[in-house]
Amino acid sequence: GLYFAVRSGVERYFGDTGIAACTQSLAVKYYSPELRLAIVRAPREAFQIVSATASLVTNIRDSKVRFVRVSTIHVGGTIRSTQKAALRIYPRRFNMSNVHKEELLKIQA
């Protein structure tokens with residue numbers, strides 16, 4: 001899925017140095033193709049590598065979506081601040097589906 005797309009991108013564009021900087025705590029904490037939203041956890045020192053790589057991702061294996069465009073909309077210090085930012089930036093997406101809003105708020109670090 002998304003994790004492997006980002007991880008393989010880091011390896012492809014930043015090599016062993018990028019992988020070493022990112023992989024220890026790289027994780028997709030939330031991903032919803034319906035909402036077109038993902039929360040990716042990365043080391044603070046390597047967030048620029050992950051953000052740059054994510055912007056180069058064009059497809060996700062094992063996904064029904066053929067083409068994706070990934071952009072960074074928020075960089076936060078905690079999962080909670082990122083959850084709040086997602087709700088603030090995309091309120092309409094969450095108003096349509098309370099299920100997704102509840103799932104987003106259940107995410108733990």
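Fair warning: this is a prediction, and the values are worked out from it, not measured in the lab. (Residues numbered from 1 in each chain as written. Predicted model: local features only at pLDDT ≥ 70, side-chain atom pairs only at ≥ 80, totals over all residues. Heavy atoms only, no water.)

### Considering the packing of aromatic side chains
- For the coordinates displayed, the defined rule picks out one aromatic pair.
- Judged by centre distance (5.2 Å) and plane angle (80°), the rings of Tyr3 and Phe4 are edge-to-face.
- Judged by relative accessible area, Tyr3 falls into the partly exposed class, the value being 25%. (Phe/Tyr/Trp six-rings, centres within 6.5 Å; stacked < 30°, edge-to-face > 60°. Buried < 20%, exposed > 50% of the residue type's maximum accessible area, 1.4 Å probe, protein only.)

### Thoughts on helix 2 (residues 47-56)
- Turning to helix 2, its buried residues are Ile49, Val50, Thr53 and Ala54. The arc enclosing the buried residues of helix 2, seen along the axis, measures out at 130°, which places them on a common side.
- Contact partners of the buried residues in helix 2: helix 1 (2-22) and strand 2 (37-41). (Helix = DSSP H or I, 4+ residues; strand = E, 2+ residues; numbered from the N terminus. Arc of directions from axis to C-beta. Contact = heavy atoms within 4.5 Å.)

### Some details on the pairing of strand 2
- When strand 1 (residues 27-32) meets strand 2, the two strands line up antiparallel, connected through five bridges. Residue pairing in the sheet places Ser32 in a bridge with Leu37 of strand 2.
- Counted between consecutive antiparallel strands, the loop separating strand 1 from strand 2 contains four residues, among which Arg36 sits at a positive phi close to 55°. (Pairing = 2+ DSSP bridges.)

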